[in-house]
Amino acid sequence: MNQISSARPILLEPNSQHSDDFSLSQMVDLIADTFGIHIKPHYQDRLKKNLLTRIRALGLCSLNDYYQFLVARNQLVPGATEWRELISLLTVTETYFFRDQGQMSLLKNQLLPELIERKRELSLTQCNAANGELYRPTLRLWSAGCSTGEEAYSLAILVKELIPNNQTWDILILGTDINQRAIALAQQGIYSDWSFRTTTEEIKNRYFQSHKKGWKIDPAIQAMVTFQPGNLMQDNFPAYASSIHDFDLIICRNVFIYFDFNAIAQVIDKFYYSLTPGGFLLTGHTELHGQTTEPFQVKNFPQSAVYQRHSSLKEQSKVLNTITPAAIESRETEISYPSLNPVWLTKLSVEASRERREAGEEKLFNINNSLPSPAPPASPAYPNHPSLPSLETGFDVSANTQTLLDAAKESLIQEAYADVIQLAQQLIALVPQHFQAYCLMAEAYANFGDYSQASQACQQALQIGPLAIEPYHLLAQIAEEQGDRDSAKLFLKRIIYLAPNSVTAHLELGFIYEREGNEKQAQKTWRSLLEILQNLPQEAIDFHNQQTTAELKAHVLKHLNSTSYEP
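Residues numbered from 1 in each chain as written. Predicted model: local features only at pLDDT ≥ 70, side-chain atom pairs only at ≥ 80, totals over all residues. Heavy atoms only, no water.

*Asks:* I keep staring at the overall build of the chain and nothing clicks. Help me out?
*Replies:* Regarding its fold elements, the chain presents 22 helices and 10 strands. Across the 567 residues that make up the chain, the buried fraction comes to 54%. Considering only residue pairs separated by 6 or more positions, the chain has 71% of its internal contacts joining residues 24 or more positions apart. Counting only carbon and sulfur atoms, one obtains 50% of the accessible surface of the chain, whose full area is about 25000 Å². (Helix = DSSP H or I, 4+ residues; strand = E, 2+ residues; numbered from the N terminus. Buried < 20%, exposed > 50% of the residue type's maximum accessible area, 1.4 Å probe, protein only. Contact = heavy atoms within 4.5 Å. Areas by Shrake-Rupley, 256 points an atom, 1.4 Å probe, with all protein chains shown as cover.)

See below:
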């Protein structure tokens, strides 16, 4: 994708005057802020010479004139003409099909098959209420920094090889690049022999047709891929309007080597939230060296490291509970999109949710002086079958509701989410107003990454139990996952109305206000939470993040003292 061009014509010698040096420094900063591209010092003379071609073309006199032209005439809007010209000077489009055979082998033999099987399984749990038919399985892949399209088409060919009947799937393979000229070439799908230097003749002959300009991609493969311009640095994502959300796989290779440290941190944070739970991020081999990769789970394979978004909210909670407040606050200074902060320390865990349901409690924390260890999960109700029946074998719907409920809870603990959904559906068939069944179904769908179905199940639970707070917890969590702070605040306020002593709701709400810069509301929320904590046993441990009341209180006091608002 993006790299500094080394083959541009040099029309003029660089000017060594101080004013031009200052203007060049301004241009370097502007390019970094706009594109994320870090122009290293030994490239800056070459950059200056290349910029002089644009200065001449526009009839300007100096680097400062060019800089002012870019910023003073609203040229920073996406797609502005001169920025398109500039990015063509900054980037070259050197790439080829099936680049990095090791990573391509990993995709073909492990990552894509795992994703495909997971999505097939999920589709078996989703039924169209209008006609009773199962929804088609989905697969969403993103080549970020796709250049002229070889990488995105390589993905399409792999998918075609792995899913021969891909017409029965809803598949999105998206390619984005900041260079709009490269995107136009990708959409044409015509390539020279040089793009096939690691491609077998078999693949070339199967998926490409001879063309007067080289080789043209097969129309069926071309139809599988969508290309559009994209700026990883400036664009906000996840974004539903541009289809940049809920990806199963993001590939971003040979891009970050041209970004500075902070730009990389911002982009990988946005990537995390644009993946579905369990989704993979694949980068160049050393491009994230030195970066803080939490909350990704790093999986090391012989061919490459892979960064996986946690497959369940439960597992994400386990990892985030190990992050210290100091580390969180340090990371907050590096990134701007929904970044890691202490709000995630209080995520509703599956185990905690299960214990509250079993205890019939509506309080968020079960804090007391002698909090017992969680009881081990009950044994499965099928002594001769230690694991739950598969979806293919079905399940006896005549079983009593308690047996089904126990089995669904056990499946949730075992992270067998497809089984949870099926068992919950059977419970609802027997008892249509079964509150816990809808809650279990909502948690399972959320852990699958199907937030639409999870939200719908939460709303159905609230119709049955309008004063229950558990569905609001999950709805707030989903809203935060999707970057919808306004909805998250609304759900948290409803929890506080129903359960005024809810520690987690106050804590999460306070952090949202802090992130928004609303110090007045943050202070008000912290003070309310402090009053709640002062009335709790100080040595008690909440089972959300294993902090004592005293530790939580110290954390809140720290935030009270760190904000400048005075009532």
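*Asks:* It is not clear to me how the pairing of strand S4 (residues 208-211) should be interpreted in this structure. Could you clarify?
*Replies:* Look at any regular strand and the pattern is simple: side chains alternate between the two faces of the sheet. Two strands pair when backbone bridges link them, and S4 and strand S5 (residues 214-217) are joined in this way by four bridges, in the antiparallel orientation. When the bridges of S5 are listed, Phe208 appears paired with Ile217. Remark: two residues form the turn of the hairpin made by S4 and S5, two consecutive strands paired antiparallel. (Pairing = 2+ DSSP bridges.)

*Asks:* Sorry if this is basic, but what is going on with the sheet that holds strand S1 (residues 138-144) here?
*Replies:* Remark on secondary structure: sheet strands pair via backbone hydrogen bonds, oriented parallel or antiparallel. Taken in spatial order, the seven strands make up an open sheet running S6-S2-S1-S7-S8-S10-S9, and their pairing is mixed. Edge strands, defined here as strands with exactly one partner in the open sheet, are strand S6 (225-229) and strand S9 (297-300). Taken pair by pair, the neighbouring strands of this sheet meet at an average axis angle of 20 degrees, ignoring direction. The sheet strands contacting helix H10 (residues 261-274) are S1, strand S7 (247-252) and strand S8 (275-283), and the helix crosses S8 at an angle near 140 degrees. (Axes fitted to C-alpha atoms, helices over the stretch in contact; angles between N-to-C directions.)

*Asks:* Quick question: what am I supposed to make of the packing of helix H16 (residues 435-448) against helix H18 (residues 470-481) here?
*Replies:* Two quantities define a packed helix pair, namely the angle between the axes and the distance from one axis to the other. Where H16 meets H18, the closest approach of the two axes is 10 Å, and the angle between their N-to-C directions is 15 degrees. The pairing of H16 with H18 is recorded here as roughly parallel in orientation. Both H16 and H18 take part in a crossing whose hand is left-handed. Where H16 approaches H18, its residues Phe435, Cys439, Ala442, Glu443 and Ala446 are matched on the opposing element by Glu470, Pro471, Leu474 and Ile478. Classifying every residue of the contact of H16 with H18 by side-chain character gives seven nonpolar, no polar and two charged. (Parallel < 35°, antiparallel > 145°, perpendicular 65-115°, else oblique. Left-handed = near helix turned anticlockwise from the far one by under 90°. Nonpolar A, V, L, I, M, F, W, Y, C, P; charged D, E, K, R; others polar.)

*Asks:* Please explain the packing of aromatic side chains as it appears in this structure.
*Replies:* Working definition: an aromatic ring pair is given by the centre-to-centre distance plus the angle between the planes. Per the stated rule, a full pass over the model turns up 19 aromatic pairs. Judged by centre distance (6.3 Å) and plane angle (75 degrees), the rings of Phe296 and Tyr307 are edge-to-face. Placement of the pair is Phe296 in the loop between S8 and S9 and Tyr307 in strand S10 (residues 305-308), with a sequence separation of 11 residues. Owing to a relative accessible area of 7%, Phe296 belongs among the buried residues under this scheme. (Phe/Tyr/Trp six-rings, centres within 6.5 Å; stacked < 30°, edge-to-face > 60°.)

*Asks:* Looking at this structure, I do not really get the environment of Asp33. What am I missing?
*Replies:* With respect to the helices and strands, the residue Asp33 is situated in helix H1 (residues 18-35). The spacing of Asp33 and Met233 is 200 residues in sequence and 7.7 Å in space, taken between C-alpha atoms. What Asp33 contacts, discounting residues up to four positions off in sequence, is Met233 and Gln234.

*Asks:* Would you mind going over the confidence of the model for the chain with me for this structure?
*Replies:* The predicted coordinates ought not to be read in detail in places where the model reports low pLDDT. Scored by pLDDT, the chain comes out at a mean of 77, with 75% of its residues at no less than 70. The model gives residues 314-399 a pLDDT under 50, and that stretch makes 179 contacts with residues more than four places away or in other chains. (pLDDT = per-residue confidence, 0-100.)

*Asks:* How do you make sense of unusual backbone geometry when you look at a structure like this?
*Replies:* Of all residues except glycine, most have a negative phi; of all peptide bonds, most are trans. For the bond running from Phe237 to Pro238, omega is 10 degrees, close enough to zero to count as cis. Put simply, Glu294 and Pro295 share a cis peptide bond, and its omega is 5 degrees. With respect to the secondary-structure elements, Pro295 resides in the loop between S8 and S9.

*Asks:* Just checking my understanding: could you explain the sheet that holds S4 for this structure?
*Replies:* One open sheet accounts for three strands, arranged S3-S5-S4; its pairing is antiparallel. The strands lining the two open edges of the sheet, one partner per strand, are strand S3 (190-191) and S4. Relative to S5, S3 runs antiparallel, the two sharing two bridges. Across the sheet, residue Ile190 finds its bridge partner in S5, namely Lys216.

*Asks:* Sorry, what's going on with the environment of Ser487 here?
*Replies:* Relative to the helices and strands, Ser487 resides in helix H19 (residues 485-498). Considering only alpha carbons, one finds Ser487 and Leu475, 12 residues apart in sequence, at a separation of 8.5 Å.

*Asks:* I'm lost on the environment of Ser154 in this one. Help?
*Replies:* Along the polypeptide, Ser154 turns up in helix H6 (residues 150-162). Sequence spacing of Ser154 and Phe97 is 57 residues, and the spatial spacing of their C-alpha atoms is 5.9 Å. Beyond its immediate stretch of four places on either side in the chain, Ser154 contacts Phe97, Phe98 and Met104. Of note is the side chain of Ser154, whose polar atom sits 2.8 Å from the backbone oxygen of Glu150. (Polar contact = N/O pair within 3.5 Å; in protein donor to acceptor, adjacent residues only side chain to side chain.)

*Asks:* Just checking my understanding: could you explain the state of the cysteines for this structure?
*Replies:* By definition, a disulfide links two cysteine residues through a covalent bond between their sulfur atoms. Here the structure, examined in full by the defined rule, presents zero disulfides. Here Cys458 stays free of any disulfide, with the sulfur of Cys439 as its closest cysteine sulfur at 6.9 Å. (Disulfide = S-S within 2.5 Å.)

*Asks:* Even after reading the chapter, I still don't get H19, so can you show me in this structure?
*Replies:* One turn of an α-helix holds 3.6 residues; hence residues three or four places apart share an orientation. Taking 1.5 Å per residue as the helical rise, H19 with its 14 residues ought to reach 20 Å, and the 20 Å between its terminal C-alpha atoms agrees with that figure. Every buried residue belonging to H19 is among Ala488, Lys489, Phe491, Leu492, Ile495 and Ile496, and all of these are buried. Buried residues of H19, seen end-on, are gathered within an arc of 165 degrees and therefore sit on one face of the element. Projecting away from the buried face of H19 at angles above 90 degrees are the exposed residues Asp486 and Tyr497. Of the surrounding secondary structure, the elements contacted by the buried residues of H19 are H18 and helix H20 (503-516). (Expected span 1.5 Å × (residues − 1). Arc of directions from axis to C-beta.)

*Asks:* Would you mind showing me how to read the nonpolar core here?
*Replies:* General note: in soluble globular proteins, nonpolar side chains tend to be found buried as a group. Leu492, Leu507, Trp526, Leu529 and Val556 are the most contacted members of the largest nonpolar core, which has 59 residues in total. Element by element, the count of residues in this core is highest for H16, at 10 residues. With 49 residues, the next largest nonpolar core counts Leu51, Ile87, Val267 and Leu275 among its residues. (Core = buried A, V, L, I, M, F, W, Y, C linked by side-chain atoms within 4.5 Å.)

*Asks:* What's the story with the side chain of Arg309 in this structure? I'm lost.
*Replies:* Position of Arg309 among the secondary structure elements: in the loop between S10 and helix H11 (313-320). Taking relative accessible area as the criterion, Arg309 reaches 2% and is therefore assigned buried. At 2.8 Å, the side chain of Arg309 forms a polar contact with the backbone oxygen of Leu275.

*Asks:* Explanation requested: the pattern of salt bridges in the structure shown.
*Replies:* Scanning all chains against the criterion turns up 14 salt bridges. Across the salt bridge formed by Glu151 and Arg253, the nearest N and O atoms sit 2.9 Å from each other. Note that Glu151 is positioned in helix H6 and Arg253 in the loop between S7 and H10, a separation of 102 residues in sequence. The same class applies to Glu151 and to Arg253, which are both buried. Between Asp486 and Lys489 there is a salt bridge, with the nearest N and O atoms lying 3.7 Å from each other. (Salt bridge = Lys/Arg side-chain N within 4 Å of Asp/Glu carboxyl O.)

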